[in-house]
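Chain by chain, the residues:
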Amino acid sequence: MPIEKINDFLNCYFNILGINDETTMACIKNGIINRYNKYKDCFPTISVNDDSFKNYIIKSNNGYYHLEDFLLNRLFQSLRYIIVKSDENAESCEFSEKNRTIYIAENAIKKVAMPIISNWSSESKELFLKILTSTVFDHELGHALKTQFIGGYKVRLDNSKAFLDDLLATLKNTVGDDKAKEIFSSMDFSDYISADDIYKRLISNFAKMSNGKYSSIIISVDELIDNYSDSIGSGIDKQNYASDKNLTLIDELLQETESMDNVNCYNIPQSKFKLGSNGNYINVFYLISGYRFMLGYGKILTSLLGNEGTFQVTYLDPSPVLEEFNKQYQSIAQDVFQNDLSPFTNIGNSLHKIMSNQDESDYLQLDLFFAKCYSKMITQKLSVDSSLDVETVLNEIASFQMRLTTNDVESIRNNLPHNIIFNDLRNQLLNLNKSNNKAK
């Protein structure tokens with residue numbers, strides 16, 4: 001039923017926004033459905049206390065939104081336009097909350113990818129570029145879904161209005177004020193509706209679709225707050241944490257990790273990046289990502305946060321999760337980083353240094369911190385429940401070791417500080433597994 005509802009609403013949404021590109025529609029559908037499946041067990045509902053925006057199209061029920069409704073509401077509020085940049089000089093893809101737009105610069109993606117795939121067959125190139133574009137789109141879609149708003153439903157910066165204003169200004173500069181107004185008034189702009197009118201049109205059409213099947217859960221236009229909306233941030237960059245610029249990298253790390261999981265084509269390393277002179281390196285799983293040097297930390301961070309914590313910290317208020325995380329691992333941070341900064345601040349600072357310099361010592365320090373945190377988390381779980389799924393933990397450890405600093409020489413690899421901790425934990429788990437099997 002939730003998937004059917006998602007498809008019903010999205011098909012109508014595509015129709016109203018004039019989205020008919022099969023790849024774009026698939027990216028949005030997969031983006032919503034994959035996130036629903038990922039978080040449905042830990043966050044089946046979202047309280048209006050966690051997101052008090054009053055202008056969502058799908059109404060809450062007894063103070064809660066079903067997860068599928070929450071994700072759809074975020075999409076409808078945050079994304080009204082998708083613009084493919086044709087400018088060859090466009091260098092980046094982005095989501096703009098100011099005008100509710102995702103910008104995709106296909107030439108920029110090709111520019112970065114082509115040196116890697118220049119000798120591939122045309123068919124392989126096309127497939128690879130499609131995967132890359134889908135991943136980039138999902139990343140920006142994630143930012144859109146994680147943006148929270150307050151206030152009314154109106155958009156402060158509107159694409160259609162900006163276009164018409166620019167057109168009128170150009171005409172005035174070309175033919176003068178009077179002639180420009182004459183030409184402008186004779187033109188048909190019926191296809192150029194504002195972002196606010198798009199929202200109202202969505203409300204009207206959602207209420208009528210499937211013979212009024214969903215009409216009882218759709219807000220009416222009269223219930224909308226007639227004012228402008230303002231963003232209070234996206235992901236971790238919300239409220240009290242927005243001033244810590246290094247947390248932006250953690251937010252990007254979590255977003256890129258989520259998108260790579262959604263596209264599901266990044267389980268095998270694409271390249272190696274050498275560190276230092278001892279043969280140490282990191283595996284690079286997403287070679288064209290601007291965050292490729294730090295992406296190895298995504299899996300272990302989301303494991304430490306858990307699905308519930310990851311959802312809370314990125315889609316809702318991050319404060320309770322960050323406070324608990326900082327409390328849980330403060331002593332480890334003091335020991336590893338030799339300062340009194342919070343664990344999350346140290347992670348952000350380390351990622352900043354890694355992105356700036358790719359220095360081996362910074363990698364190894366952050367590797368050690370995460371390994372110690374993970375070992376503490378698993379040890380605490382075992383103290384409460386000895387029936388922990390050992391196989392899952394062992395697979396996680398193997399995944400982390402593939403993503404953190406490693407070496408092809410086994411003796412050197414096993415003596416890396418973080419791997420000593422991981423290997424000790426693995427041995428404890430294997431012994432526990434043997435004991436549990438004997439008890440059976």
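Refer to the preceding data block for the structure.
What counts and how
Residues numbered from 1 in each chain as written. Predicted model: local features only at pLDDT ≥ 70, side-chain atom pairs only at ≥ 80, totals over all residues. Heavy atoms only, no water. Helix = DSSP H or I, 4+ residues; strand = E, 2+ residues; numbered from the N terminus. Buried < 20%, exposed > 50% of the residue type's maximum accessible area, 1.4 Å probe, protein only. Contact = heavy atoms within 4.5 Å. Areas by Shrake-Rupley, 256 points an atom, 1.4 Å probe, with all protein chains shown as cover. Pairing = 2+ DSSP bridges. Axes fitted to C-alpha atoms, helices over the stretch in contact; angles between N-to-C directions. Polar contact = N/O pair within 3.5 Å; in protein donor to acceptor, adjacent residues only side chain to side chain. Core = buried A, V, L, I, M, F, W, Y, C linked by side-chain atoms within 4.5 Å. Phe/Tyr/Trp six-rings, centres within 6.5 Å; stacked < 30°, edge-to-face > 60°. Lys NZ or Arg CZ within 6 Å of the ring centre and 35° of its normal. Salt bridge = Lys/Arg side-chain N within 4 Å of Asp/Glu carboxyl O. Parallel < 35°, antiparallel > 145°, perpendicular 65-115°, else oblique.

1. Some thoughts on the overall build of the chain
Scanning the chain from terminus to terminus reveals 16 helices and 10 strands. Across the 440 residues of the chain, 48% fall into the buried class. When contacts within the chain are restricted to residue pairs at least 6 apart in sequence, long-range pairs at least 24 apart make up 68% of them. Entry remark: accessible area of the chain is about 20900 Å², with carbon and sulfur atoms responsible for 47%.

2. Description of unusual backbone geometry
With glycine set apart, most residues show a phi of negative sign, and most peptide bonds adopt trans. Non-glycine residue R100 carries a positive phi angle of around 55°. With respect to the secondary-structure elements, R100 resides in the loop between β4 (94-96) and β5 (101-105). Of note in this structure, N264 is not a glycine but carries a positive phi near 60°. Along the polypeptide, N264 turns up in the loop between α9 (247-263) and β9 (271-274).

3. Some remarks on the sheet that holds β4
Here we have 3 strands laid out as an open sheet, ordered β3-β5-β4, and mixed in their pairing. In the strand order of this sheet, the two ends are held by β3 (81-85) and β4, each with one partner. Geometrically, the sheet is characterised by an average inter-axis angle of 20° between neighbouring strands, direction not taken into account. In the sheet, β3 pairs with β5 via 5 bridges, with the strands oriented parallel. When the bridges of β5 are listed, I82 appears paired with I102.

4. Remarks on the side chain of S375
Counting through the fold element by element, S375 comes out in helix α13 (residues 360-384). For S375, a relative accessible area of 17% translates into the label buried. Apart from the residues lying within four places of it in its own chain, the contact partners of S375 are I421 and L425.

5. Remarks on the side chain of S342
When you line up the elements, S342 lands in the loop between α11 (319-337) and α12 (343-357). Among the polar contacts made by the side chain of S342, one reaches the side chain of T345 at a distance of 2.8 Å. Excluding anything up to four places from it in sequence, S342 contacts N326 and Q330.

6. Structural notes on the nonpolar core
If you look at the biggest cluster of nonpolar residues, it comprises 122 residues, and the most contacted ones within it are Y13, L75, F76, F206, F369 and Y374. Of the residues forming this core, the biggest block, 10 residues, is contributed by α13. Filtering out sequence-adjacent residues up to four positions away, L75 remains in contact with L10, Y13, I28, I32, L141 and L145.

7. Quick notes on the packing of aromatic side chains
Under the counting rule described, the total for this entry stands at 26 aromatic pairs. Three or more aromatic residues joined by ring pairs form one cluster here, namely F9, Y13, F14, F76, F206 and Y214. The ring of F285 is capped by R403, whose NZ or CZ atom sits 4.3 Å from the centre of that ring.

8. Topic: the environment of C42
Summarising the element assignment, C42 is placed in the loop between α2 (22-39) and β1 (45-47). A residue is classified by how much of its surface remains accessible, and C42, at 22% relative accessible area, is partly exposed. Remark: the alpha-carbon pair of C42 and N307, spanning 265 residues in sequence, is separated by 6.8 Å. Every residue in contact with C42, bar those within four places of it in the chain, is listed here: N307 and E308.

9. Overview of the pattern of salt bridges
Per the counting criterion, the structure on display carries 14 salt bridges. Note that R35 is salt-bridged to E258, the shortest N-O span being 3.0 Å. Taken together, the positions of R35 in helix α2 and E258 in helix α9 put the pair 223 residues apart, joining distant regions of the chain. The same class applies to R35 and to E258, which are both buried. One network of salt bridges, in which partners are shared, links R35, D138, K146 and E258.

10. Side note on the environment of S60
Here S60 is to be found in the loop between β1 and β2 (64-66). The sequence separation of S60 and I218 amounts to 158 residues, and the corresponding C-alpha distance is 9.5 Å. In this structure, S60 is in contact with V48 and Y65, ignoring residues within four places of it in sequence.

11. Points about the environment of K130
Topologically, K130 is positioned in helix α5 (residues 122-145). The sequence separation of K130 and T23 amounts to 107 residues, and the corresponding C-alpha distance is 8.4 Å.

12. Observations concerning the packing of α9 against α12
Where α9 contacts α12, the two axes come as close as 8 Å, and the packing angle between them is 80°. What the angle tells us is that α9 and α12 run roughly perpendicular. Across the interface between the two elements, L247, L249, I250 and L253 from α9 touch F344, I347, G348, L351, H352 and M355 from α12.

13. Digging into the packing of helix α3 (residues 67-78) against α5
A pair of packed helices is captured by two measures, namely the crossing angle of their axes and the spacing between those axes. The N-to-C vectors of α3 and α5 enclose an angle of 95°; their axes lie 8 Å apart at closest approach. Between α3 and α5, the angle falls in the class roughly perpendicular. Side by side, α3 and α5 meet where L71, R74, L75 and S78 of the first sit next to L141, A144 and L145 of the second.

14. Re the pairing of β5
Within β5, 5 of the 5 residues are buried, which leaves it mostly tucked inside the rest of the structure. Residues of β5 alternate between two faces, with T101, Y103 and A105 on one and I102 and I104 on the opposite face, all of them buried. Relative to β5, β4 is paired through 3 bridges, and the arrangement is antiparallel. Bridge assignment links S96 to a residue of β5, and that residue is T101. The antiparallel hairpin formed by β4 and β5 contains 4 residues in its connecting segment, where R100 sits at a positive phi of about 55°.

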